[in-house]
Amino acid sequence: MTRPGTFNILARDGAARHGTLETAHGTVRTPVFMPVGTQATVKSLDPRDLHDIRAQIVLGNTYHLYMRPGDELVARLGGLHGFAAWDRPVLTDSGGYQVFSLAGLREITETGVTFRSHIDGSPHLFTPEKAVQIQQNLGSDIMMVLDECVAYGTEYDYTAKSLELTTRWAARCRDEHPIGQNGRLLFGIVQGGFYEDLRTISAQQLMEIPFEGFAIGGLSVGESPDEMRRLLAHTAPILPDDKPRYLMGVGTPMDILDGVALGVDMFDCVLPTRNARNGTLFTSFGKINIKQARFKEDDSPLDPECDCYACRTFSRAYLRHLYMARELLSYRLNTLHNLRFYLKMMEEVREAIGQGAFEALRARYRAAYEQSEQ
Ligand SMILES: CO[C@@H]1O[C@H](CNc2nc3cc4c(=O)[nH]c(N)nc4cc3[nH]2)[C@@H](O)[C@H]1O
Ligand SMILES: [Zn+2]
């Protein structure tokens, strides 16, 4: 087996790259979209479904799984792979973002972040070391450092101090999990808010530490699409060309295609799974909402271009009926479809980069998604 962490770039089309990232649970072809499975499950789908829609790697979350059922319990029951019967790679977020966005009553010190559980209000402390130990217990193939994701609009001085702390925490995470240890990878996370000079400083400091990949954090936190692209265009090219670049929490189909065009290799977002549960579906002709009356007697497949089980088997009328009746099957079929839409788009992206046809593909999706607010 090729050494985990090996990243080979197979083709380029402008700044877009098509490559492979080796992990302890197999090879990930990039650019890749990672379905979000926060609590050790991609909501309403089982591992067979994920195989059917050709998911390569899924996301778990340190904060949630530490809180419930507990990372040590998961470790005793085989790590996420044994516990959730998922035999492919897992990436876990460190909890940095969740603690700042979910938990209550936080305090940040050099030691780490103290916070209260969003479940029962009990007090907890995440140190960088603890965040790594939890991810080791989860059996994560790609771990993230503990970082501070500063809120959108945070002023310059606080952002500058915060990124220095994130760098010191990142070094402590690397010490806790030395490079190459049992084939598990550790990514640094670039911060610096919406200040280009601070982004440069954060990236340069993190690149002093040997990480197998680099994430761009602190984006998709409420800023406009243009602001996100501005900071991304500035930050992505600074990162090492020979390491994977991961844009956390992004995004819409066009956000992802624009990210690929700027040299990003990995993406995750709750959008396809969250939108599925409110009836918003991504199709080759743009976004629709299945609850619209126009689908009431529509016997055609949701998306004729889609190869998923929902589109092969059922009509729009049936999908609308399930949604209006709040049937559980509605969540499952809508989620299957939305994730397959994202994963199929990434298959087309990888193919197009290999053929020097990425810009034509991006233009095709833009034509379908320009008018619908993505
Ligand atoms: C657009 O959807 C909303 O926005 C979130 C996605 N946006 C996002 N930005 C992130 C930034 C960070 C970061 O800086 N550090 C770490 N460790 N993890 C992160 C995770 C992130 N996710 C969805 O959860 C949803 O609520
Ligand atoms: Zn479909």
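First, a word on what this report is: a plain description of the structure on this page. (Residues numbered from 1 in each chain as written. Chains lettered and ligands numbered in written order. Predicted model: local features only at pLDDT ≥ 70, side-chain atom pairs only at ≥ 80, totals over all residues. Heavy atoms only, no water.)

1. A look at the overall build of the chain
A count of helical and extended segments in the chain gives 15 helices and 16 strands. Taken over 374 residues, the chain has a buried fraction of 58%. Summed over all atoms, the accessible surface of the chain reaches about 14,700 Å², with 52% contributed by carbon and sulfur. Across the chain, the centroid of the 40 positively charged side chains sits 5 Å from that of the 47 negatively charged ones. (Helix = DSSP H or I, 4+ residues; strand = E, 2+ residues; numbered from the N terminus. Buried < 20%, exposed > 50% of the residue type's maximum accessible area, 1.4 Å probe, protein only. Areas by Shrake-Rupley, 256 points an atom, 1.4 Å probe, with all protein chains shown as cover. Lys, Arg positive; Asp, Glu negative; His and termini not counted. Charge placed at Lys NZ, Arg CZ, Asp CG, Glu CD.)

2. Some details on the environment of I288
Assignment of secondary structure puts I288 in strand 16 (residues 286-289). For I288, a relative accessible area of 7% gives the class buried. Sequence separation between I288 and T200 is 88 residues; the distance between their C-alpha atoms is 39 Å. Filtering out sequence-adjacent residues up to four positions away, I288 remains in contact with G279, T280, L281, T283, R294, F295 and L302. (Contact = heavy atoms within 4.5 Å.)

3. Comments concerning the layout of surface pockets
Space inside the largest pocket adds up to approximately 820 Å³. Lining of the largest pocket is provided by 38 residues; of these, Y97, Q98, D268, V270 and R274 occupy positions nearest its centre. Of all the secondary structure elements, the ones that give two or more residues to the lining of the largest pocket are strand 5 (58-61), helix 5 (96-101) and helix 11 (271-277). Along the lines of polarity and charge, the residues of the lining of the largest pocket split into 13 nonpolar, 18 polar and 7 charged. (1 Å grid on protein atoms, 1.4 Å probe; cavity = no way out; pocket = protein on both sides within 12 Å on 5 of 7 lines; lining within 4 Å. Points joined across faces, edges and corners; volume = space filled by probe spheres on them. Nonpolar A, V, L, I, M, F, W, Y, C, P; charged D, E, K, R; others polar.)

4. Structural notes on the packing of aromatic side chains
Given two aromatic rings, their pairing is described by the distance between the two centres and the angle made by the two planes. With the rule as written, the count across this model stands at 15 aromatic pairs. Summarising the aromatic geometry, the rings of F341 and Y342 are spaced 6.3 Å apart at their centres and angled 70° between planes, so their arrangement reads as edge-to-face. Each member of the pair, F341 as well as Y342, is classed as buried. Each member of the aromatic cluster is reached from another via a ring pair, and the members are F33, F282, F341, Y342, Y365 and Y369. Over the face of the ring belonging to Y323 we find R326, whose NZ or CZ atom lies 4.5 Å from the ring centre. (Phe/Tyr/Trp six-rings, centres within 6.5 Å; stacked < 30°, edge-to-face > 60°. Lys NZ or Arg CZ within 6 Å of the ring centre and 35° of its normal.)

5. A few points about the nonpolar core
Core analysis: the largest hydrophobic core is formed by 106 residues, its most contacted members being L91, Y246, L247, V260, M266 and F267. A per-element tally of this core places helix 14 (residues 328-354) first, with 11 residues. (Core = buried A, V, L, I, M, F, W, Y, C linked by side-chain atoms within 4.5 Å.)

6. As for helix 10 (residues 253-261)
Among the 9 residues in helix 10, 9 count as buried, and that is most of the element. Those residues of helix 10 that fall on the buried side of the exposure criterion are P253, M254, D255, I256, L257, D258, G259, V260 and A261. G263 lies just past helix 10 and shows a positive phi near 100°.

7. Describing the pattern of salt bridges
Under the counting rule described, the total for this entry stands at 22 salt bridges. Across the pair E110 and R168 runs a salt bridge, and its minimum N-O distance is 2.7 Å. With a gap of 58 residues between them, E110 in the loop between strand 7 (104-108) and strand 8 (113-116) and R168 in helix 7 (residues 156-176) connect regions that are remote in the sequence. Residue classification places E110 among the partly exposed positions, given a relative accessible area of 39%. On the basis of relative accessible area, R168 is assigned to the partly exposed category, the value being 38%. Here the residues in one salt-bridge network are R229, D255, D258, E359, R362, R366 and E370, joined through shared partners. (Salt bridge = Lys/Arg side-chain N within 4 Å of Asp/Glu carboxyl O.)

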